[in-house]
Amino acid sequence: METEKEQAISAKYNIRSIPTLAIFKNGKEIDRVSGALSVSDFSNWVNQHT
């Protein structure tokens, strides 16, 4: 999402840095990470929640 164009959504989800990644389950945020991740760190982070 382009946070400059979607400021209301950015505010709703309290996005303060880019990149911000969030995982949602049943419509609720269950985890979030701010900042860049390596491919392996990203994969591990996602796999923790599947």
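Residues numbered from 1 in each chain as written. Predicted model: local features only at pLDDT ≥ 70, side-chain atom pairs only at ≥ 80, totals over all residues. Heavy atoms only, no water.

Participant: How do you make sense of the overall build of the chain when you look at a structure like this?
Facilitator: Each helix and strand in the chain was counted, giving 2 helices and 2 strands. Secondary structure elements of the chain occur, N-terminal to C-terminal, as α-β-β-α. Taken along its principal axes, the extent of the C-alpha atoms in the chain is 30 × 25 × 15 Å. For the chain, with 50 residues in total, the buried portion stands at 10%. Looking at the chain alone, contacts between residues at least 24 apart form 5% of all its contacts between residues at least 6 apart. Surface exposure of the chain reaches about 4,100 Å², of which carbon and sulfur atoms provide 51%. Distance between charge centroids for the chain: 9 Å, based on 6 positive and 6 negative side chains. (Helix = DSSP H or I, 4+ residues; strand = E, 2+ residues; numbered from the N terminus. Buried < 20%, exposed > 50% of the residue type's maximum accessible area, 1.4 Å probe, protein only. Contact = heavy atoms within 4.5 Å. Areas by Shrake-Rupley, 256 points an atom, 1.4 Å probe, with all protein chains shown as cover. Lys, Arg positive; Asp, Glu negative; His and termini not counted. Charge placed at Lys NZ, Arg CZ, Asp CG, Glu CD.)

Everything listed is a geometric property; what it means functionally is a separate question.
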